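Residue-level listing of the chains:
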Amino acid sequence: MPGHISLKSTGPDPDPTEFLYVSLEQKRIDSSKPYDGKKACWVPCEKDGFVQGEIQGTKGDLVTVQIPGGETKNFKKDLVQQVNPPKFEKCEDMSNLTYLNDASVLYNLKSRYVNKLIYTYSGLFCVAINPYKRYPIYTARTTKIYIGKRRNEVPPHIFAISDGAYMDMLQNHENQSMLITGESGAGKTENTKKVIAYFANVAVNPKKKEEANKQSLEDQIVQTNPVLEAFGNAKTVRNDNSSRFGKFIRIHFGNSGKLSGADIETYLLEKARVISQQSLERSYHIFYQMMSNKVPTLKQIACLSNDIYDYHYVSQGKITVASIDDAEEMEYTDNAFDVLGFSQQEKDDVYRVTACVMHFGEMKFKQRGREEQAEPDGTEVGEIVGKLLGVDGADLYKNLTKPKIKVGNEFVTQGRNKDQVSYSVGAMAKAMFDRVFKWLVKKCNVTLETGLKRAHFIGVLDIAGFEIFDFNGFEQICINFCNEKLQQFFNHHMFVLEQEEYKREGIDWVFVDF
């Protein structure tokens, strides 16, 4: 996983210019492109979304267009979109385009992306397109380009947005928030890490900088990544390291604008994944890390075998991921526990409870004769779970098959059938994993508590990505609904309120409904 690579460079930083600016040579080539404003147009294309064509003629509602390859086609007038003049090629802010339509936006983003320019503004938004490779645009050298600069003085970048938030906080003495949304695999979590690194570099306390032996706040936050990613990230169809939870990170500053701490809030951990996965997916990384033999005593502590297929809950989909080395990740996770101040006992307890989730799936039950009553089908697994959790195995089985419930002022024993017991075991496994995750976040927050006075904060919201599966469970619908609400918030904040301001200022404006 990418979260554990040190943000501090060892040698001189490479030149980021080609990844931030359009070269003069490229500008010259772009501006010399042939252009006829009356004939050039965009038309729909199944393969590429849109292609540029040349209008040959118009007849009523139909427009005849010659598309690349020499073919001529007829399109309805409302499907034909205008092309921007060459001076807008690879435009940094798409709100400046003469013709702002779907085709022009997509073309501009694509042409910048092909030229290794992954950030583009669209009014107040910054659009980032994941290059799926590392560009040298997050180094100390790049950071210096953006410190204290206005947005229009420097090329588009997440650092420019971050610096804008920091300056607004200092000048207006108000808390700020940054919203990072997008579909699964778009690069939200990676950009969140870069934002935190930027604030840590810009607002670091000079005294703290001298204390080289102590972990900086930035380092501590980086060390929370392996832990949160091990327990909260999983392989999905579209992303090998998908965050299956949302997080809101508050970065706190003192009155002078220097860092004074941080804390993390988490939302919507996808618990269903703990006990079921689709064929091309995998459960949370920690299960596979624990099976990697990297920590020699772990399997003995957790009573685990050497075969992942012995544990049905975590082996219904993929068990390996090409881009992830589970043994190496286990080492990162185990080391991160040490840096975050976990005792050996706490580490062992986390591993034991996580292993219990795996063992739960192997607890078997059968129906007793013709009765509507389940009973254990072998007690060996229950004894292992009991040993790991510090409870009696026989009591565990008894309370699963014949739980006591309160009716009025009395407790009565309820009979359970096989399916009901099976659902209870699954629910317990999910709840247990969820509580371990929340406890880990709580421990991380203790580490990020510096004790310094907190005056203001900048919040960064990194929510789980929008994704549509073959089978969409309740939790994925919650994630998608949350993303949809955030988009509505964006629209309302950026467009509706903006238009209301136009009205207040007496600007002649036709309202556009969003």
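Scroll up for the structure.
All figures in this text were calculated on a predicted structure; none of them were measured in a lab. Per chain, residue numbering runs from 1 following the sequence as it is written. For a predicted model such as this one, the threshold for reporting local features is a pLDDT of at least 70, and the threshold for listing and counting side-chain atom pairs is 80 or more; totals across whole chains, interfaces and linings nevertheless cover every residue. Side-chain figures throughout are based on the complete set of non-hydrogen atoms in the structure, without hydrogens or water.

Student: So what's going on with the packing of aromatic side chains? Which residues, and what values?
Tutor: Pairing of aromatic rings covers Phe, Tyr and Trp, the last through its six-membered ring, and needs centres within 6.5 Å; plane angles under 30 degrees mean stacked, over 60 mean edge-to-face, and all others mean tilted. Under the criterion given, the structure shown has 19 aromatic pairs. With centroids separated by 5.1 Å and ring planes inclined at 45°, the aromatic side chains of Trp42 and Tyr107 adopt a geometry described as tilted. You can see Trp42 sitting in strand 1 (residues 40–45) and its partner Tyr107 sitting in helix 2 (residues 102–114), a full 65 residues away along the chain. An aromatic cluster of at least three residues, connected via ring pairs, comprises Phe231, Tyr284, Phe287, Phe337, Phe342, Tyr351, Phe433 and Trp439. For the cation-ring pair, Arg151 lies above Tyr121, with the distance from its terminal atom to the ring centre recorded as 3.9 Å. Where helices and strands are cited, they refer to DSSP runs of H or I of at least four residues and of E of at least two residues respectively, numbered from the N terminus. Whether a charge sits over a ring depends on NZ of Lys or CZ of Arg being within 6 Å of the ring centre and within 35 degrees of the ring normal.

Student: So what about the sheet that holds strand 17 (residues 456–462)? Which residues, and what values?
Tutor: Strands in a sheet are paired, the pairing made by backbone hydrogen bonds, and the direction either parallel or antiparallel. Pairing between strands is defined by DSSP: at least two bridges between them are needed. What the 4 strands build is an open sheet, ordered 8-17-11-12; its pairing is mixed. Looking along the sheet, the strands with just one partner apiece sit at the ends: strand 8 (176–180) and strand 12 (259–267). Going from strand to strand, the sheet's axes swing by 15° on average, the running direction of each strand aside. Here strand 8 pairs with strand 17 via 5 bridges, running parallel. In this description, a line fitted to the C-alpha atoms serves as the axis of each element, helices being fitted only across the stretch in contact, and the angle between N-to-C directions of two axes falls anywhere from 0 to 180 degrees.

Student: I'd love a proper account of unusual backbone geometry, names of residues and values included.
Tutor: Residues other than glycine seldom take positive phi values, yet Lys116 does so here, at roughly 65°. Summarising the element assignment, Lys116 is placed in the loop between helix 2 and strand 6 (119–122). A positive phi angle, near 55°, is found at His173, a position not held by glycine. Along the chain, His173 falls in the loop between helix 4 (158–172) and strand 8.

Student: Pulling in residues and values, what's your account of the pattern of salt bridges?
Tutor: When a carboxyl oxygen of Asp or Glu is within 4 Å of a side-chain nitrogen of Lys or Arg, the pair counts as a salt bridge. The full count for this structure, using the stated rule, is 29 salt bridges. Arg141 serves as the salt-bridge partner of Asp15, at 3.6 Å between the closest nitrogen and oxygen. Of this pair, Asp15 sits in the segment before helix 1 (24–31) while Arg141 is found in helix 3 (residues 140–146), placing the two residues 126 residues apart along the sequence. Given the relative accessible area of 42%, Asp15 is considered partly exposed. Notably, a salt bridge pairs Asp462 with Lys247, separated by 3.0 Å at the nearest N-O pair. Highlighted residues: Asp462 in strand 17 and Lys247 in strand 11 (residues 246–253), separated in sequence by 215 residues. Burial classification: accessible surface area is computed with a 1.4 Å probe over protein chains only, and a residue below 20% of its type maximum counts as buried, one above 50% as exposed, and the rest as partly exposed. Taking relative accessible area as the criterion, Asp462 reaches 1% and is therefore assigned buried. For Lys247, a relative accessible area of 7% puts it in the buried group.

Student: Provide a residue-level description of the sheet that holds strand 4 (residues 72–76), including the pertinent values.
Tutor: Within the open sheet, the 5 strands sit side by side as 4-3-2-1-5. Their pairing is antiparallel. Each edge of the sheet is formed by a strand with only one pairing partner; in this case those strands are strand 4 and strand 5 (81–82).

Student: Quick rundown of the nonpolar core? Include the residues and the values.
Tutor: Across soluble globular proteins, nonpolar side chains show a tendency to be buried alongside one another. Buried Ala, Val, Leu, Ile, Met, Phe, Trp, Tyr and Cys residues that are joined via side-chain atoms within 4.5 Å together make up what is termed a nonpolar core. Among the nonpolar cores identified, the biggest contains 87 residues, and Phe199, Phe231, Phe253, Phe287, Met290, Leu304 and Phe433 are the most heavily contacted of them. It is helix 14 (residues 418–447) that contributes the most residues to this core, 10 residues altogether. Sequence-distant contacts of Phe231, that is, excluding residues within four places in its chain, are made with Leu269, Tyr284, Ile286, Phe337, Val350, Thr354, Phe433, Val436, Phe437 and Leu440. Counting 8 residues, the second-largest nonpolar core is a separate cluster that includes Cys41, Val65, Phe75 and Val80. In this analysis, two residues are considered to be in contact whenever any of their non-hydrogen atoms come within 4.5 Å of each other.

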